[in-house]
Amino acid sequence: MNLILLGPPGAGKGTQAKLLEERHSLRQISTGDLLRAEVKSGTEIGLQAKAVMDRGELVPDAIIISMLERQVEGATGTSTAGFILDGFPRTVPQAEALDAMLARKAMPLHHVIELQVDDAALVERISGRFTCAKCGQGYHDRFKRPKVADTCDVCGCHEFTRRSDDNAETVRARLEAYHRQTAPLLPYYAANGLLRVVDGMAEMDTVTAQIETVLAGSHGSGTEPGQA
Ligand code: AMP
């Protein structure tokens with residue numbers, strides 16, 4: 001099963017992708033995570049991407065598409081049951097490149113799931129995010145603090161990191177980029193019958209349950225509940 005999670009920054013795509021990855025043996029492919037790894041390693045791509053990411057803008061399509069191609073290539077023939085794209089595609093040219101790539105490999109796309117969240121909620125959600133520096137477990141200043149102060153619930157590590165682009169000013173630019181460049185993908189995927197809408201404002205478990213309902217259902221006939 002191959003999926004795309006669509007939605008603005010802070011909608012919960014990464015969190016839900018991690019849960020789906022475990023439950024369904026899928027492989028999460030997050031272009032944001034891949035770019036952050038490039039930045040951390042100081043590669044040529046990382047050097048080009050860092051300033052763009054810190055401004056909250058989108059990294060050029062050509063860089064993203066070739067990075068993604070390498071990942072999908074790497075996922076082919078492995079034991080995973082498919083992939084979850086998290087943060088890709090973000091522009092219509094990226095979606096077209098993905099279609100072409102999947103067609104070449106005769107790989108189907110099963111669902112495109114939009115997590116719908118109000119802009120006002122997103123700034124607060126994103127500004128409070130932090131993650132365990134060792135295992136990557138996500139936390140939030142208001143909504144999900146570690147059970148024991150300064151200690152990761154999962155691995156016991158005491159070190160945490162915050163993304164440099166998770167500040168109020170950059171978040172606003174990222175939301176603007178979402179509405180201008182990524183939202184046009186919604187009619188793109190609605191037109192081919194793949195788009196399903198989930199209420200991303202609900203509690204995390206409820207969002208997961210809504211996604212599971214989509215995955216359990218059929219797709220492509222254009223009549224199921226939840227379809228855009
Ligand atoms: P994310 O972790 O998905 O929120 O992505 C963080 C940042 O990485 C974004 O604000 C963009 O600057 C960049 N980025 C991630 N994915 C893409 C993409 N598919 N296209 C262009 N830029 C991207």
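Residues numbered from 1 in each chain as written. Predicted model: local features only at pLDDT ≥ 70, side-chain atom pairs only at ≥ 80, totals over all residues. Heavy atoms only, no water.

Caption draft 1: Structural context of the UniProt feature "binding site: ATP" (unreviewed entry) in the protein. Using the residue numbers shown here, the UniProt feature "binding site: ATP" (unreviewed entry) corresponds to Gly-10, Ala-11, Gly-12, Lys-13, Gly-14, Thr-15, Arg-129 and Ala-202. With respect to the helices, strands and loops of the structure, Ala-11 is situated in the loop between β1 (3-6) and α1 (13-24). Those residues in contact with Ala-11 that lie beyond four places of it in its chain are Leu-115, Val-117, Leu-122, Arg-125 and Gly-200. Relative to the helices and strands, Arg-129 resides in strand β5 (residues 129-132). For Arg-129, the residues in contact, after removing those within four places along its chain, are Gly-10, Tyr-139, His-140, Arg-162, Arg-163, Asp-166 and Arg-174. (UniProt positions renumbered as here; feature names shortened; annotations may be inferred. Helix = DSSP H or I, 4+ residues; strand = E, 2+ residues; numbered from the N terminus. Contact = heavy atoms within 4.5 Å.)

Caption draft 2: Highlighting the packing of α1 against helix α9 (residues 204-216). It is the contact of α1 with α9, at a shortest axis distance of 11 Å, that shows an interaxial angle of 55°. Overall, the two elements α1 and α9 adopt an arrangement that is oblique. Of the two possible hands of crossing, α1 and α9 adopt the one that is right-handed. Only Met-204, Val-207, Thr-208, Ile-211, Glu-212 and Leu-215 of α9 make contact with α1, whose side of the interface consists of Thr-15, Gln-16, Leu-19, Leu-20, Arg-23 and His-24. (Axes fitted to C-alpha atoms, helices over the stretch in contact; angles between N-to-C directions. Parallel < 35°, antiparallel > 145°, perpendicular 65-115°, else oblique. Left-handed = near helix turned anticlockwise from the far one by under 90°.)

Caption draft 3: Highlighting the pattern of salt bridges. Summed over the entire model, instances satisfying the criterion amount to 14 salt bridges. Across the pair Glu-212 and Arg-23 runs a salt bridge whose closest N-O atoms are separated by 3.1 Å. Of this pair, Glu-212 sits in helix α9 while Arg-23 is found in helix α1, placing the two residues 189 residues apart along the sequence. In this structure, the salt-bridge partner of Asp-54 is Lys-50, at a minimum N-O distance of 2.4 Å. Remark: Lys-50 and Asp-54 occur in helix α3 (residues 44-55); sequence separation between them is four residues, near one turn of the helix. The partly exposed category is assigned to Lys-50, whose relative accessible area is 35%. Salt bridges linked by common partners bring Arg-129, Arg-163, Asp-165, Asp-166 and Arg-174 together as one network. (Salt bridge = Lys/Arg side-chain N within 4 Å of Asp/Glu carboxyl O. Buried < 20%, exposed > 50% of the residue type's maximum accessible area, 1.4 Å probe, protein only.)

Caption draft 4: Expanded view of the confidence of the model for the protein. For the protein, the mean per-residue pLDDT works out to 90, and 93% of the residues sit at or above 70. This stretch, residues 219-228, has a pLDDT under 50; its non-local contacts, to residues over four places away or in other chains, come to 16 contacts. (pLDDT = per-residue confidence, 0-100.)

Caption draft 5: Structural context of the sheet that holds strand β3 (residues 83-86). The five strands are arranged β2-β3-β1-β4-β8 in an open sheet whose pairing can be described as parallel. Looking at strand neighbours, the two that pair on one side only are β2 (27-30) and β8 (195-199), the edges of this open sheet. The average undirected angle you get between the axes of adjacent strands in this sheet is 25°. As paired elements, β1 and strand β4 (residues 111-116) share four bridges and run parallel to each other. (Pairing = 2+ DSSP bridges.)

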